[in-house]
Amino acid sequence: MDLRTNPFNELYVTETVGASAFVQIFSPFILKNASALFLPGNVVVKGTQGCGKSMLLSLLKPEVRIAYAEAQRPFPVQGKSARFIGAGINLTRSGAIDFGQRSMGGADATEALPIYFGDFLNYWIIYDIFKTIRTLSSHAAGQVATELGISCDADMLNAFCAGIKNNRCWFGFLDDSASFSDLEGRVSDRINAYLNYLNFNSDALPESIRKSKTTVGEPIAQVAEHLRTSGILAEDVHLIVRIDQYEELLRLEGKRKEYGALFREIVNKALSLRNPHVSYRIGTRGYAWGNSPRVYGTVGSLERDRNFKLLDLDEILRRRENRKSWIFPDFAEDVFKKRLRYANYNDVPTSDALSKVFGAGLSPEQRATSYCKSSSQHAIKFESTWPREWCDYLLRLAETDPLSARLGEAWARQKGKQIIVDAPPLGDPPWTTRRYWRKERVEAALMQIAGRCAQRMIWAGAEDVVELSGGNILVFVSICQHIWSVWLRAVRSQNVAERDIPEIEHSVQAVGIQEASTHWYNKLSEETGGTTRQRFTSIVGTELERKMYNDDALSYPGRNGFSLSLSDFERDTEVKEFLNESVDYGALVDAEHTTKEGNRQPRRKWYLNSILSPYFKLPHIRTKEPAYLALREVREWLNLAQSKPASVRQEQVHEIAIQGTLFPGDEIS
Amino acid sequence: MPILTEKPWGPIDWVINKLPGRRWSLLGCFGPEERSLGVWRYLCLNNLSNRTVLVEIAAKASRFEAEHVIEMQKRQLELRGIGCPSDPLRQTDLFASTADIVAIADEFAQMCGAHVILDISSFPKRFFFPFIKRLLANSAVETLLATYTLPVSYAKDTLAEDHLPFGHLPLFGPLGVPEPRVDAVIVGAGFMKLGLAEMLEPYKQNVTIKTLLPFPPGMPAFHRNWEFIRAIKTILPDGIESPVRVAAFDCADTFQHLKQMTNYGEISAILAPFGPKPMSLAFCLFAIATNSVVYYTQPTVYNPSYSVGIKTWGSQLGAYAYCLKVKGKSLYQLM
C-alpha cells in the first residue's frame with residue numbers, strides 16, 4: 001500500500017466508512033461505559049456531533065453485525081448484551097418529517113395529525129423489523145441468524161401472520177392478510193399511501209387508513225411479542241428500535257414549529273410504554289433532549305431512570321479537574337493505534353503510540369524561547385517608573401528564561417508585590433517558588449509572549465493533541481488528519497517506502513494543528529444555522545483574546561471563558577437557546593461552576609471549544625475564574641452576531657406574567 | 001444538435017418570437033433583487049401579458065432586515081412605474097407549507113390560460129421546484145416557459161446563511177418502501193456549500209458521487225465554484241470522479257448529462273442542486289422524469305443583494321427562456 005495515504009482521511013466511523021473498514025477501525029473502548037445501550041430498556045444517547053454517538057448506534061444496525069460475521073471477527077458486544085436485533089427509522093430520510101406539510105383531511109385533520117405521524121412511525125419501524133430479520137437470515141451464510149436463534153421459514157412467518165393480523169392494535173387493517181407476504185405488502189402499501197399523499201401524488205388518504213390509525217408503539221410491541229411466540233425470534237432476543245434525527249423535529253420552521261413539539265411528544269409516548277420486549281434508542285445533541293420531555297396526550301413527562309436511561313457521552317468523555325479520571329486519552333490512543341494498523345504501518349506499539357508519533361511536546365520554557373528567538377527583550381514590557389536595576393534584572397533573566405522574565409514583570413505589576421522592583425531577588429524569584437501562582441499564569445504569559453514577539457502560538461505533542469480534542473473523537477481524528485497531511489507534504493520529496501511509524505516534528509505538528517483549528521472554525525458556518533454561530537464565536541474569541549492579551553499584570557489568567565449567573569441565563573430565552581445550541585454544535589463547551597461571589601448564586605461558564613483555541617490565539621487550558629459577565633454583555637455579543645436592527649436589540653427578557661382573575665372585579669392586591 | 005432543437009432555449013426575445021400569437025401569464029417572485037421584475041417589465045413593454053401573479057416571500061428577521069426593507073421599497077416604486085399586475089400580490093413566507101406552495105401553483109393554473117411563464121430568477125428552489133412539477137402536470141397549461149434573468153453581479157458577501165438540516169424539496173421526497181437503491185448522488189456545484197458535508201455523509205462510501213460544474217461560469221463565479229468542488233473533494237474519499245463541465249445556462253445540456261450519468265434513469269440517483277438556477281432547473285426536470293429524491297439544505301436567510309442589477313444585451317433584457325412544455329407535451333423526458 002502507498003504509505004503516503006493519510007490513515008485519518010476518513011473522519012467518521014459510522015457504517016458509512018464501509019462495513020469491512022468499520023470492523024477494522026471501530027474502537028470498542030467506549031463500550032464499557034455504554035453497556036446500557038445494548039441491554040433492555042430505553043436509552044437516550046446525548047452528545048455533541050463527533051462524540052461517537054453514531055459510531056455506537058451503528059452497532060445496532062444489522063449491516064454492521066453482518067460485516068463482523070463476514071470478516072470472521074467477534075462482534076464487539078458479547079454475551080447477553082449481544083442478544084438483540086435492531087430496526088429503526090430516520091425521521092428525515094423516511095419522509096416522516098413531512099407530516100404537517102399537508103392537511104390530512106377529514107374533520108379531525110389538525111387534532112389527529114400527531115396520531116397519523118405516530119401511525120407512520122409504527123408501520124415504518126415494523127417494515128424495518130421485517131427487513132432486519134430477512135437481512136440477518138440471508139447474509140453471512142445465516143451465521144448471525146443462527147447465533148440469535150432467528151428462524152424464518154415460510155410456515156413460521158405465516159403462523160406469525162395468523163397470530164397477529166387480527167390483533168386489536170391494527171383496527172382491522174391487516175384482517176385480510178392471508179400470508180406473511182400479504183401482511184408485509186399491506187404494511188408497505190400503507191407507508192406508500194402516506195408518502196404519495198404527502199407528496200401530492202394522490203388527492204386523499206385512503207379511508208382504510210383514516211379508520212385504522214394505530215397508537216404509537218403498540219403495534220411494534222405486538223410484533224415483537226408475536227415474533228417470539230411464533231418462534232421467529234428466540235425468547236431472549238430483544239428488539240432495539242433506533243429513532244434517528246429526533247433533534248431535527250426541533251428545527252421545523254414556519255407553521256410546523258408547533259407540530260415539531262407534538263411529534264416529539266409522540267416519540268416520547270413510545271418510550272413511556274416501557275414494553276418488556278422493545279427498547280428505544282434515541283441519539284440526540286445535548287440540549288435537544290429537554291429536562292422533562294412531555295408525553296403526548298397526557299400531562300405527564302418522561303422520567304429519567306424510570307422511562308429511559310441517559311447516556312451522556314460528552315459527560316463521560318469530558319475532562320474533570322483531575323486528569324487521572326479522564327478516560328478520553330485512552331480512547332484516543334486506541335483509535336490512533338487502530339487507524340495506523342489499518343493503514344498497514346509496522347510495529348505499532350501496544351502502548352504510547354501517540355507519544356511515539358507526536359512526542360512529549362515542548363515545555364513552557366521551550367515555547368517561550370521559541371517565540372522570542374534571538375529577541376528575548378520583546379517578551380517583557382517595562383513601566384517608565386521602574387528602576388534601571390529591575391529592568392536590567394528582567395532583561396538578563398529574559399536572555400536565559402523569557403517565560404520567567406515575563407512572570408517577573410507580571411509579579412511587579414500586581415497589587416502588593418510592586419516592592420520587588422526596588423530589590424530584585426538574588427536567589428530563586430518568588431514567581432518560581434509560588435507554585436500555584438505560576439501554574440495559573442504560565443499559559444496566559446506564553447500567549448502574551450507569542451503576541452509580543454509577533455509569533456504564532458505553538459501547539460504540539462501528544463498531550464496537546466489530546467487536550468485540544470476536548471473529549472471529542474471526531475476532533476481528535478481531524479487533528480491527526482491535518483498533522484498527517486502536513487507531514488506528507490513535508491516528506492513529499494523523501495523516500496517514505498518504509499512502513500515504520502513516523503516521529504513527526506513539533507514544527508510540522510504546529511502547522512497541522514493550526515490548519516485543523518482553522519478548519520473547525522470554518523466548519524462552524526457549515527453546520528445547521530451556523531452562520532450566526534460562527535460570527536458569535538468570532539466576536540467572543542476576539543474579545544477574550546484582546547482582554548487576555550492586554551492583561552499585563554496577569555491578574556485574570558482564567559478569562560479565556562465567561563460566566564453568567566443561572567438566574568441571568570434563564571431570563572433571556574433567546575440567549576439561553578443560542579448558548580445551548582452553540583454547545584450542541586461544538587462551538588462552545590459549558591459547565592456549572594462555583595461562584596467566587598458572596599451571593600453564592602449558582603453560575604454557568606462557557607469556553608470556546610478547545611480546537612478553536614489556536615485559531616483565536618487563546619490558551620486552551622482553563623484555570624482560575626472565567627470573566628464574570630452580566631447578561632447585557634452576552635446579549636450585546638449576540639446582537640452583534642445577528643446584526644439585528646436597533647428595534648429588536650433589547651433583551652428579550654420574559655416578563656413575569658400577571659395572571660388575570662377568575663371573576664371580574666376580583667383585583668389582585 | 002438534436003438535443004437543443006428538442007428543448008429550445010435562448011434569449012427571451014428570441015424564444016418568445018418563435019412562439020408567436022400567444023399572450024403569456026406570468027408566475028414570478030416579487031423580491032428585493034432588481035431582476036425579480038425583469039420579465040414582468042419585458043412582458044408589459046411588449047404587450048404580451050395575460051394574467052400575472054407575483055409572489056412576495058416574507059424574509060425572516062435577520063441582519064439584512066434594514067437593507068431588505070429598502071430594497072423592497074425600491075421594487076415597489078419600480079412596480080408602480082411598470083404597471084401593477086392583473087392579480088394582487090400573493091404573500092407567503094419562505095417556510096410556507098407544501099400545501100400552501102401547491103395552492104399558489106394550482107390557483108394560478110386555474111386562471112392562467114394556456115401559455116405560462118414561470119420566472120425562476122428570484123424564486124428559492126423550495127418554490128420553483130414544486131411550481132414546475134404542478135404546472136407541467138396540469139393539462140390546462142399548453143405552453144410552459146421558465147425564464148431566468150441574469151444579474152450584473154452577485155453579492156461579494158455571503159449570499160445566504162443559517163441553513164436548515166438537509167431535507168428534500170417539497171414534492172421531491174421519498175416515495176415509498178422498499179426504498180429504492182441509491183447508486184449515485186449527483187451534485188450541482190454552486191457558490192454555497194452549506195450543509196453539504198452532512199448531506200453527503202451517508203452516501204460517500206457506498207455510492208458514486210458525481211458533480212456537475214458550471215463552466216465557464218464567468219468571472220468572478222469560477223473562484224466560488226472551484227472552492228465548492230475543493231470542499232467536496234475534502235469531504236469525500238480519494239478517487240472521486242472529476243466534475244463534468246456544463247454550460248451554466250444550458251438547462252438542456254445539463255439534462256442530457258443527467259440522463260447520461262444515470263444511463264437514462266437506469267442508475268438510481270439522489271440529486272443535490274446547489275448550482276446556478278438554470279442547472280437546478282434541469283435537476284428539477286430530471287427528478288420529475290425519474291421520480292428522484294432532491295435534497296437541499298435550505299438557507300433561512302438570503303442576502304437582499306444576492307444579485308445586483310439586470311444584465312442587458314444591447315437594448316434587450318438579459319434573460320433566457322427555456323421551453324419546458326409546448327403544445328401540451330413535456331420536452332424534458334427520458335426518452
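Values in this document were obtained by computation on a predicted structure and should not be read as measured data.

**Description of the overall build of chain B**
- Of the regular secondary structure elements, chain B holds 10 helices and 20 strands.
- Along the first, second and third principal axes, the C-alpha set of chain B runs to 55 × 45 × 40 Å.
- Each of the 335 residues in chain B was classed as buried or not, and the buried ones make up 59%.
- Once local pairs closer than 6 in sequence are excluded, the contacts in chain B between residues at least 24 apart make up 85%.
- Carbon and sulfur atoms make up 54% of the accessible area of chain B, which totals about 12,700 Å².

**Observations concerning the environment of A:Arg438**
Residues and elements named next belong to chain A.
- Locating arginine 438 in the fold gives a position in helix α18 (residues 435–452).
- Owing to a relative accessible area of 18%, arginine 438 belongs among the buried residues under this scheme.
- Each C-alpha atom of the pair arginine 438 and alanine 516 lies 30 Å from the other, and the pair is 78 residues apart in sequence.
- Excluding residues that lie within four positions of it along the chain, arginine 438 makes contacts with Glu365, Leu403, Leu407, Trp431 and Thr432.

**Some thoughts on the packing of aromatic side chains**
Residue and element names in this part refer to chain A.
- As enumerated under the stated definition, the model contains 61 aromatic pairs over all chains in all.
- Note on tyrosine 68 and phenylalanine 75: the rings are 5.6 Å apart at their centroids and 85° apart in plane angle, and the pair reads as edge-to-face. Each member of the pair, tyrosine 68 as well as phenylalanine 75, carries the same accessibility label: buried.
- Taken together through their ring pairs, the aromatic side chains of Phe8, Phe29, Trp326, Phe328, Phe331, Phe336, Tyr345, Phe358, Phe476, Trp484 and Trp487 make up a single cluster.
- The positively charged end of arginine 186 is found above the aromatic ring belonging to phenylalanine 173, 4.2 Å away from the centroid.

**A word on the sheet that holds strand β4 (residues 278–284) of chain A**
Residues and elements named next belong to chain A.
- What the five strands build is an open sheet, ordered β2-β3-β4-β1-β5; its pairing is parallel. This sheet does not close on itself; its edge strands, each paired only once, are β2 (84–90) and β5 (309–312). Strand-to-strand twist of the sheet, defined as the mean angle between neighbouring strand axes without regard to direction, takes the value 20°.
- Here strand β1 (residues 43–46) pairs with β5 via four bridges, running parallel. Paired with valine 43 across the two strands is lysine 309, which belongs to β5.
- The sheet strands contacting helix α9 (residues 218–229) are β3 (238–244) and β4, and the helix crosses β3 at an angle near 150°.

**A short note on the sheet that holds strand β11 (residues 208–214) of chain B**
Residues and elements named next belong to chain B.
- Within the open sheet, the four strands sit side by side as β12-β11-β10-β13. Their pairing is parallel. The open sheet has two free edges, formed respectively by β12 (244–246) and β13 (269–273), since each of these has just one partner strand. Strand after strand, the sheet turns through a mean of 20° between neighbouring axes, direction not considered.
- Across three bridges, the pairing between β11 and β12 is parallel. For leucine 213, the partnering residue across the bridge sits in β12 and is arginine 245.
- Packed on one face of the sheet, helix α10 (residues 277–290) meets β10 (184–188), β11, β12 and β13 and runs near 155° to β13.

**Observations concerning the pattern of salt bridges**
Residue and element names in this part refer to chain A.
- Across all of its chains, the model carries 46 salt bridges over all chains by this definition.
- Salt-bridge contacts for lysine 523 lead to glutamate 527; the nearest nitrogen and oxygen are separated by 2.8 Å. When sorted by exposure, lysine 523 lands in the same class as glutamate 527, which is buried.
- Residues participating in the shared-partner salt-bridge network are Lys381, Glu383, Arg406, Glu409, Arg413, Arg452 and Asp552.

**Notes on the pairing of β3(A)**
Residue and element names in this part refer to chain A.
- Burial analysis of β3 places seven of its seven residues in the buried class, which makes it a mostly covered element.
- Here seven bridges tie β2 to β3, and the two strands are oriented parallel to one another. What sits directly across from alanine 87, in β3, is valine 241.
- Read as a crossover between parallel neighbours, the route from β3 over helix α10 (residues 257–272) to β4 is right-handed.

**Things to note about the interface of chain A and chain B**
- The partner chain B presents 45 residues to the 42 residues of chain A that form the contact.
- Of the roughly 3,600 Å² buried between chain A and chain B on both sides combined, carbon and sulfur atoms contribute 49%.
- Taken together, the links from chain A to chain B amount to one salt bridge.
- Its salt-bridge partner being A:Arg535, residue B:Glu161 comes within 3.0 Å of it at the nearest N-O pair.
- Summed over the shared surface of chain A and chain B, the number is 15 residue pairs in polar contact (both at pLDDT 80 or more).
- If you list the elements that add at least two residues to the side of chain A that touches chain B, you get α4 (109–138), α7 (180–198) and α22 (530–549) of chain A.
- Among the elements that make up the side of chain A that touches chain B, the one with the highest residue count is α7(A) (five residues).
- Across the side of chain A that touches chain B, the residue classes tally to eight nonpolar, 22 polar and 12 charged.

**Thoughts on the domain arrangement of chain A**
- Along its sequence, chain A is carved into domain 1 (22–317), domain 2 (363–452) and domain 3 (524–669).
- Once you take the C-alpha centre of each, domain 1 of chain A and domain 2 of chain A turn out to be 62 Å apart.

**Notes on α9(A)**
All names here are of chain A.
- When the terminal C-alpha atoms of α9 are compared, their 17 Å separation across 12 residues agrees well with the 16 Å that a helix rising 1.5 Å per residue should span.
- Buried within α9 are the following residues: Pro219, Ile220, Ala221, Val223, Ala224, His226, Leu227 and Arg228.
- At its buried positions, α9 is contacted by α4, α6 (154–164), β3 and β4.
- Where α9 terminates, the next one or two residues include glycine 231, which has phi positive at roughly 85°.

**Considerations on the side chain of A:Thr132**
- Along the polypeptide, A:Thr132 turns up in helix α4.
- Apart from the residues lying within four places of it in its own chain, the contact partners of A:Thr132 are A:Pro62, A:Ile85, A:Gly86 and A:Ala87.

**With respect to the confidence of the model for chain B**
- Scored by pLDDT, chain B has a mean of 90; 95% of the residues are at 70 or more.
- Taken over the whole predicted complex, pTM reads 0.87, whereas the ipTM for its chain interfaces reads 0.90.

**A short note on the domain arrangement of chain B**
Residue and element names in this part refer to chain B.
- As far as domains go, chain B holds domain 1 (9–155 + 304–330) and domain 2 (165–297).
- Averaged C-alpha coordinates put domain 1 and domain 2 at centres separated by 24 Å.
- A combined buried area of about 2,100 Å² lies between domain 1 and domain 2, and 78% of that area is made up of carbon and sulfur atoms.
- Summed over the three residues of domain 1 that lose the most area to domain 2, namely Lys125, Phe129 and Lys133, the buried surface amounts to 34% of that side.
- The tally of links from domain 1 across to domain 2 stands at seven residue pairs in polar contact (both at pLDDT 80 or more).
- Put simply, the parts of the chain that give the side of domain 1 that touches domain 2 at least two residues each are α5 (98–111), α6 (125–137), β6 (143–149) and β19 (319–326).

**Comments concerning the environment of A:Leu579**
All names here are of chain A.
- If you trace the backbone, leucine 579 turns up in helix α24 (residues 573–584).
- Given the relative accessible area of 0%, leucine 579 is considered buried.
- On a C-alpha basis, the gap between leucine 579 and leucine 113 in space is 32 Å, while along the polypeptide they are 466 residues apart.
- Discounting chain neighbours no more than four positions away, the residues touching leucine 579 are Phe536, Phe562, Leu564, Phe569, Leu588, Trp606 and Val634.

**Describing the confidence of the model for chain A**
- Looking at chain A, pLDDT values average 89 and 93% of them are 70 or higher.
- Scored below 50 in pLDDT, residues 645–669 of chain A makes 26 contacts in the model with residues more than four places away or belonging to other chains.

**Notes on the pairing of β13(B)**
All names here are of chain B.
- For β13, the buried fraction is high: five of the five residues fall into the buried class.
- Along β13, one buried face is formed by Ala269, Leu271 and Pro273 and the opposite face, lined by Ile270 and Ala272, is buried too.
- Here β10 runs beside β13; their pairing, made up of five bridges, is parallel. By the bridge assignment, alanine 184 is partnered in β13 with alanine 269.

**With respect to the side chain of B:Lys325**
Residue and element names in this part refer to chain B.
- Counting through the fold element by element, lysine 325 comes out in strand β19.
- For the buried lysine 325, no salt bridge exists, and the shortest N-O distance to an oppositely charged side chain is 9.4 Å, to glutamate 142.
- In this structure the side chain of lysine 325 is engaged in a polar contact, spanning 3.4 Å, whose partner is the backbone oxygen of leucine 135.
- Within the local environment of lysine 325, its side chain forms a polar contact with the backbone oxygen of valine 141, the two atoms lying 2.9 Å apart.
- Residues contacting lysine 325, with those up to four places away along its chain left out, are Leu135, Leu136, Asn138, Val141, Glu142, Thr143, Leu144, Ser330 and Leu331.

Reading the values: the criteria
- Residues numbered from 1 in each chain as written.
- Chains lettered and ligands numbered in written order.
- Predicted model: local features only at pLDDT ≥ 70, side-chain atom pairs only at ≥ 80, totals over all residues.
- Heavy atoms only, no water.
- Helix = DSSP H or I, 4+ residues; strand = E, 2+ residues; numbered from the N terminus.
- Buried < 20%, exposed > 50% of the residue type's maximum accessible area, 1.4 Å probe, protein only.
- Contact = heavy atoms within 4.5 Å.
- Areas by Shrake-Rupley, 256 points an atom, 1.4 Å probe, with all protein chains shown as cover.
- Phe/Tyr/Trp six-rings, centres within 6.5 Å; stacked < 30°, edge-to-face > 60°.
- Lys NZ or Arg CZ within 6 Å of the ring centre and 35° of its normal.
- Pairing = 2+ DSSP bridges.
- Axes fitted to C-alpha atoms, helices over the stretch in contact; angles between N-to-C directions.
- Salt bridge = Lys/Arg side-chain N within 4 Å of Asp/Glu carboxyl O.
- Right-handed = clockwise from strand over helix to strand, strands pointing away.
- Buried area = accessible area lost by both parts, 1.4 Å probe.
- Polar contact = N/O pair within 3.5 Å; in protein donor to acceptor, adjacent residues only side chain to side chain.
- Nonpolar A, V, L, I, M, F, W, Y, C, P; charged D, E, K, R; others polar.
- Domains from an automatic or database assignment.
- Expected span 1.5 Å × (residues − 1).
- pLDDT = per-residue confidence, 0-100.
- Lys, Arg positive; Asp, Glu negative; His and termini not counted.

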